[in-house]
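Analysis of the macromolecular model
Here are the chains, one letter per residue:
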Amino acid sequence: MALSRRTLLGLAAGVPASAALAACGSPGPGKSGSGTTYWYLNGQPQEGVRAGAVEAFNKAHSKEQIEDFTFQNDAYKTKIKTAIGAGKAPTLIWGWGGGTLRTYVKAGQVEDLTSWFGEHPEVKKRLLPSSFAAATVDGKIYAMPCETVQPIILYYNRKVFEQVGVRPPKSWDDIMALVPKFNAKGIAPFSLGGQSQWTNMMWLEFLFDRIGGPELFQAVIEGEKNAWSHPDAITALTKVQELVRAHGFIKGFSSITADSNADQALLYTGRAAMMLHGAWSYGIQQARGGDFVPSGALGYMNFPPVEGGKGDPGNTVGNPAQYLSISSKAGAKQKKVAKDYLATGVLQDAEVKRWIDNGSVPIRLGTEKLLAASKSADFLQFTYDIATKAKVFGQSWDQALTPTPAAAMLDNIVKLFQLSISPKQFASNLNAVTGT
Amino acid sequence: MRSPAGRPPRRAPRSILPWLAVPALVVFVGFAVIPLVGVFALSFTTWDGIGAIHLSGTASWRAVLTDPGLPHALRVTFLVMAVSWAVQTPLSILLGTFMAGRQRYRAVLGVVYFIPLMLSSAAIALAYKALLDPNFGLGAGLRIEVLSQDWLGRPGLAFGLVVFVVSWQFIPFHSLIYQGGVQQIPKSLYEAAQLDGAGRIRQFFGITLPQLKYTVITSSTLMVVGSLTFFDLIFILTEGGPGDATRVLALDMYKRGFRASLMGPASAIAVILVLVGLALALLLRRLGGRDAGASQLEGA
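Because the structure is a prediction, the values reported are computed rather than measured. Counting from 1, residues in each chain are numbered in the order their sequence is written. Lettering for chains starts from A, numbering for ligands starts from 1, and both go in the order in which the items are written. With pLDDT at 70 or above as the cut-off, local features in this predicted model cover only qualifying residues; side-chain atom pairs require 80 or more to be listed or tallied, and sums for whole chains, interfaces and linings still use all residues. Excluding hydrogens and water, the side-chain values take into account all heavy atoms of the structure.

**Some points on the overall build of chain A**
- Secondary structure counts use DSSP, requiring at least four H or I residues in a row for a helix and at least two E residues in a row for a strand, with both numbered from the N terminus. The number of helices and strands found in chain A is 21 helices and 14 strands.
- Its C-alpha atoms give chain A a radius of gyration of 22 Å, within 12% of the compact-globule value 22 Å for 436 residues.
- Relative accessibility decides the category of a residue: with a 1.4 Å probe and only protein chains considered, values under 20% of the type maximum give buried, values over 50% give exposed, and everything between is partly exposed. Going through the 436 residues of chain A one by one, you find that 58% of them count as buried.
- Contacts in chain A between residues far apart in sequence, at least 24 positions, make up 75% of those at least 6 positions apart.
- Charge convention: Lys and Arg are scored as positive, Asp and Glu as negative, and His as well as the terminal groups of each chain are ignored. To locate a charge, the coordinates of NZ of Lys, CZ of Arg, CG of Asp or CD of Glu are taken. For chain A, the centre of its 44 positive side-chain charges and the centre of its 36 negative side-chain charges are spaced 4 Å apart. The atom set for the radius of gyration is the C-alpha atoms, and the globule formula is 2.2 Å times the number of residues raised to the power 0.38. Contact definition: two residues touch when any of their heavy atoms are within 4.5 Å.

Here it is, written out as C-alpha cells:
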C-alpha cells in the first residue's frame, strides 16, 4: 500500500508532509532540523539502546539533531537497498558490513572513512580490532563498527543433560553419540528454526571451519573456481546430512522460524537439548525463559572440534559487530553531523552499560570490569574471550557474500537440510553462482 | 454506451464528458502504464538495485528462460491456481446458493462467512502459522497428535495448506458473487419446475447451475487472475518453502529482485506474469462465448 486513500486524505487534510511520508515508511529530508537521518532495526532490547544513544547525542548537540527511524529486520534488508538504489538513503546507514557493504561501495553509495579514522585515531583505538575486517573493502574503511560482538555459540539445557545422564559434547563424534540418547528419551537433540534459512547456515559455517579451516570458506569469498567442491567442503556437507538423517534436529524444524523465537523456546522449555545460535540468544532466553537463565540451567560452549579437522577449535563465526556507514549522497552538513555522531555518539559509557545489562558484549575495548560486575558476568566473559581470543572470527556467510550468491546459498542450504539435494549437487549449484 | 432513451443527457455537454476520465487516466498511466514500461525496459538491463543500470540486451531473459527454476515456479503457480479454483468454485456456488435463501439466520451466517475476507492476508498467514506450529500450535496445545504435523515443513502438506488458506480467505468473496447471481434468477423458473415435480437437487442442477454460467466465468476470471498475484500470504506462511515447494512466480520475482539483487531477471519474470495474466483473462472471455455480455434475464 504505497499510496492509499487514507494517505491522500491525510495530505489533503493538511497533515504535515513529514508525518505523511513517515507513514509510508519513506522518510525524506523532513523537519526543519539538520535533516540528518538514521535508520536501524527495531525489536527490543536492542532498539531501546539504539534510540537511547541517538537521544543522548541530540541532547548534547542542540544544533546537530539526528532523526531516527526503525524497521523490522527482514523488511529493513529490502527497504534499505531500495532506498539507496532510489537515491533516498538515510545519512547514517546501519548494516552488517561484508558483502552488502561491498555492493554499496562498488556503486559509490557510501563515504570512504579511511582518512577520517586517520584523523581520529582515538575513535579507532577504542574498538575491537577484529571488528574492522567486515568494514574494510579493498583496504579502505567504509563503515564504523558499532554495538556488540555476536559469535555463534552452542547452547545447551543443563537440566535435560542431567535428566538423561550425559555430558556436553567435546567433539563431533560426541554429538553424533548424543543424538540417539536424547531421541530415546523423547527429547530433540537440537532445536533449529529452519524456515529462516540462515539458522541452518550456522551449522555449515562451523563444520567448514572445523574440518577445512578458515581457508575453505575464504576461497569461496575470493571466488576461487569450484571452491565449494573441495573435498573438505564435501565432508562438511555430508556430516550435516548425517546429522539430519540421524534425527539430530527437532521434528518439523523446516517450518520453525527464528523471528518468533520458537527455536529458543524449545531449548528453555526442555523440548530440545541443544541449540546453535548467536550470542543475542542469551538476552532473549533471559527475557523469556523465566527461571531458566537465572537458575543456571543454560549452558554454553564454543562449537567442538571435528576429529581430524584442520581448523583451530578456538575459531568462531558470527557477527564481529554491526556497522554504520555514511551515505555519499548526503549533504555536507548532514555528513558532518553523522561524523560527529560516529566520534562522540557511538558506544559512549551509557550505551556500553545498557548493552551489558542486556547480556551482550559491546565492541569497545577495556570493558572487562563492567562485564565482570554484570549479573550475566560469566556469559559475557565467555563471549568476550571467544571474540578476543579467536584466531579467526569468520563473518556470517550471508553477510560476507554479496547478495546474489548469498541468496542462492541460503536456498540451497535449505534443500541440503531437507535432503532433497546431495552434497555434490549443493557444491555444483553454488560453484555456478560464486565462481565469478 | 447509449443512454436508455437514446438521446444524449442534457446536464453535461458532450465536450466535457471525455475530461471526466482524466483523473482516472492519470492514475492509470502513473501507477500502471509507466511502471509496466519501466519493468519491460529493466528486463533488458543488468542492475543490482543499488548501482548503475547497464543495458545488457537479452541476457536477463536468457538467464530466466534457461533457469530450471522457471518451469518449476510456473508449474507451482498453475497448480495453486487450478487446485484452489477447483476447491473454491463448488464450495462458493453451494454457499452462495444457500445464502440466497430468504430466512433471517442465513443473513447472519452470511456475515459470519464474510469475516475472513475482511482480515489482511498477512494477519491470516501469521495466525495460521501460529496455529499450525508443530511444537507450540493447536495440535500440541490440545494434545491431538494428528494436528501436530510438520504442516509447513513437508512439500505436499505445505502446498495443500497454501491452497486451504487461500480458499478459506477467498471463498466468502466468491460466495457473495454467487449469492447475487442466484438472486437474479427469475422466480418463475423455479415455480415452473416445482409444478413439474422437480426436487431441490433437480432444481439446482436444472436451473441454478446453468443460469449461473456467466457468474462462474466472472468469478473464475477473478480467481485465476488473482491467483497470479498471491504473494503476501505465501511469503509469510512458507517463504516459498520448504525448499521451493510453494515458490510461485510472484515469490520467485521478489526473491530474485530483492533478495538476490537481480533486478533484470526479476523484471523479466514480472513481464512473464503480466503476459500470463492477460492470456488467461482473454481465454476466459473466449470461454464465455460471444453472447457473454447479453442479459440472461427474462424480458430484458
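Structure shown, so let's carry the discussion forward.
**Overview of the overall build of chain B**
- Secondary structure assignment for chain B yields 14 helices and two strands.
- In terms of overall dimensions, chain B has C-alpha extents of about 70 × 70 × 30 Å along its principal axes.
- Every one of the 300 residues in chain B was classed for burial, and the buried ones make up 40%.
- Sequence-distant contacts in chain B: of pairs separated by 6 or more residues, those separated by 24 or more amount to 67%.
- What sets the accessible areas is the Shrake-Rupley method with a 1.4 Å probe; for residues, cover comes only from the shown protein chains. Roughly 17,100 Å² of accessible area belongs to chain B as shown, and the carbon and sulfur atoms make up 70% of that amount.
- One way to put it: in chain B the 24 positive side-chain charges average out to a point 13 Å from where the 13 negative ones average out.

**Quick look at a nonpolar patch on the surface**
Residues and elements named next belong to chain B.
- Patch definition: residues with relative accessible area over 30% and no salt bridge; like charges joined within 9 Å; nonpolar side chains (Val, Leu, Ile, Met, Phe, Trp, Tyr) joined within 5 Å. For this analysis, a salt bridge means a side-chain nitrogen from Lys or Arg found within 4 Å of a carboxyl oxygen belonging to Asp or Glu. Residues Ile 16, Leu 17, Trp 19, Leu 20, Val 22 and Val 26 make up a contiguous nonpolar surface patch of about 610 Å² in total accessible area.
- Listing elements by their share of the nonpolar patch, those giving two or more residues are helix H1 (17-20) and helix H2 (22-42).
- Top element by residues in the nonpolar patch is H1. It accounts for three residues.
- Inspection of the secondary structure puts Leu 17 in helix H1.
- Overall, Leu 17 belongs to the partly exposed group, its relative accessible area being 41%.

**A few points about the pairing of strand E3 (residues 92-95) of chain A**
Residues and elements named next belong to chain A.
- Going residue by residue along E3, you find Leu 92 and Trp 94 tucked away on one face and Ile 93 and Gly 95 tucked away on the opposite face as well.
- Two strands are said to pair when DSSP picks up at least two bridges between them. In this sheet, E3 lies alongside strand E1 (residues 36-41) in parallel orientation, the contact comprising two bridges. Considered in E3, the bridge of Tyr 38 is made with Leu 92.
- In this sheet, strand E12 (residues 322-326) lies alongside E3 in antiparallel orientation, the contact comprising four bridges. The partner of Ile 93 across the bridge, within E12, is Ser 325.

**Overview of the interface of chain B and chain A**
- Each partner contributes residues to the interface: chain B has 32 residues there, and chain A has 32 residues.
- By buried area we mean how much accessible surface two parts lose on assembly, using a 1.4 Å probe and totalling the loss over both. Summing both partners gives a buried area of about 2,400 Å² for chain B against chain A, and 51% of it is carried by carbon and sulfur.
- Considering only the side of chain B, the residues that lose the most area to chain A are Ile50(B), Asn135(B) and Phe136(B), jointly responsible for 27% of the buried surface there.
- The tally of links from chain B across to chain A stands at three salt bridges.

**Describing the packing of aromatic side chains**
Residues and elements named next belong to chain A.
- Note on ring pairs: Phe, Tyr and Trp rings are taken, using the six-membered ring of Trp, and paired if centres are within 6.5 Å. Classes follow the plane angle, with under 30 degrees stacked, over 60 edge-to-face and the rest tilted. Taken as a whole and judged by the stated rule, the model has 45 aromatic pairs over all chains.
- The interplanar angle of 85° and the centroid separation of 4.7 Å between the aromatic rings of Phe 190 and Trp 203 together place this pair among those described as edge-to-face. With Phe 190 in strand E8 (residues 188-191) and Trp 203 in helix H10 (residues 198-212), this residue pair connects regions lying 13 residues apart in the sequence. Considered together, Phe 190 and Trp 203 belong to a single accessibility category, that of buried residues.
- Plain terms: the ring middles of Tyr 300 and Phe 382 are 5.0 Å apart, the flat faces sit at 45° to each other, and that makes the pair tilted. In this pair, Tyr 300 sits in strand E10 (residues 298-301) while Phe 382 sits in helix H18 (residues 377-389), placing the two residues 82 residues apart along the sequence.
- For Phe 382, a relative accessible area of 19% puts it in the buried group.

**Things to note about the sheet that holds E1(A)**
Residues and elements named next belong to chain A.
- In space, the five strands of this open sheet follow the order E2-E1-E3-E12-E6, with mixed pairing throughout. Pairing within the sheet leaves two strands with one partner each, and these edge strands are strand E2 (66-71) and strand E6 (144-146). For this sheet, the mean inter-axis angle between neighbouring strands, taken without regard to orientation, is 25°.
- In the sheet, E6 pairs with E12 via three bridges, with the strands oriented antiparallel. By the bridge assignment for E12, Met 144 is matched with Leu 324.
- Axis lines are fitted through C-alpha atoms, for helices just across the contact stretch, and the angle between N-to-C directions can take any value from 0 to 180 degrees. On top of the sheet, helix H4 (residues 73-85) reaches E1, E2 and E3; it is set at about 145° to E1, its chief contact.
- Packing against the sheet, helix H15 (residues 332-344) makes contact with E1, E2, E3, E6 and E12, and its axis sits at approximately 155° to E12.

**Section: unusual backbone geometry**
- At Gln197(A), a position not held by glycine, the phi torsion is positive, near 65°.
- Looking at the element boundaries, Gln197(A) is found in the loop between E8 and H10.
- Using a relative accessible area of 11% as the deciding quantity, one classes Gln197(A) as buried.
- Phi is positive for Ser261(B), which is not a glycine, with a value near 55°.

**What to know about the pattern of salt bridges**
- A full pass over the atoms with the stated rule returns 20 salt bridges over all chains.
- Close ionic contact of Asp312(A) with Lys391(A) constitutes a salt bridge, the shortest N to O distance being 2.4 Å. Taken together, the positions of Asp312(A) in the loop between E10 and strand E11 (316-319) and Lys391(A) in the loop between H18 and strand E14 (393-395) put the pair 79 residues apart, joining distant regions of the chain.
- Its relative accessible area of 25% is what places Asp312(A) among the partly exposed residues.
- Each member of the salt-bridge network shares a partner with another, and the members are Asp411(A), Asp67(B), Glu239(B), Arg247(B), Asp252(B), Lys255(B), Arg256(B) and Arg259(B).

**Concerning the packing of helix H4 (residues 69-99) of chain B against helix H11 (residues 213-227) of chain B**
Residues and elements named next belong to chain B.
- Axis separation between H4 and H11 bottoms out at 10 Å; the angle between their running directions is 145°. For the pair H4 and H11, the sense of crossing is right-handed. Only Val 216, Ser 220, Met 223, Val 224 and Ser 227 of H11 make contact with H4, whose side of the interface consists of Met 81, Trp 85, Gln 88, Thr 89, Ser 92 and Ile 93.
- In this count, Pro and Cys sit with the nonpolar residues alongside Ala, Val, Leu, Ile, Met, Phe, Trp and Tyr, while Asp, Glu, Lys and Arg are called charged and the others, Gly among them, polar. Along the lines of polarity and charge, the residues of the contact of H4 with H11 split into six nonpolar, five polar and no charged. We call a crossing left-handed when the near helix sits turned anticlockwise from the far one by less than a right angle, and right-handed when that turn is clockwise.

**Observations regarding the environment of Gly252(A)**
- Locating Gly252(A) in the fold gives a position in the loop between helix H12 (231-245) and helix H13 (262-268).
- On the basis of relative accessible area, Gly252(A) is assigned to the buried category, the value being 6%.
- Separated by 148 residues in the primary sequence, Gly252(A) and Ala400(A) place their C-alpha atoms 29 Å from one another.
- The contact partners of Gly252(A), leaving out residues within four places of it in the chain, are Pro134(B) and Asp150(B).

**Considering the confidence of the model for chain B**
- Looking at chain B as a whole, its pLDDT mean stands at 86, while 91% of the residues score no less than 70.
- Here the prediction assigns the complex a pTM of 0.83, and the interface score ipTM is 0.79. Each residue carries a pLDDT value, the predictor's own confidence for that position, ranging from 0 to 100.

**A word on helix H21 (residues 423-434) of chain A**
Residue and element names in this part refer to chain A.
- Between the first and last C-alpha of H21 there are 16 Å, a value that for twelve residues agrees with the 16 Å anticipated at 1.5 Å per step.
- All of the buried residues along H21 are Pro 423, Phe 426, Ala 427, Leu 430, Asn 431 and Thr 434. Looking straight down H21, one finds its buried side chains confined to an arc of 130°; they lie on one side. Those residues of H21 that are exposed and aimed more than 90 degrees away from the buried face are Lys 424 and Ala 432.
- For H21, the elements touching its buried residues are H10, helix H11 (215-221), H12 and helix H20 (403-417). One fewer than the residue count of a helix, multiplied by 1.5 Å, yields its expected span. For this quantity, the arc is that covered by the directions from the helix axis to the C-beta atoms.

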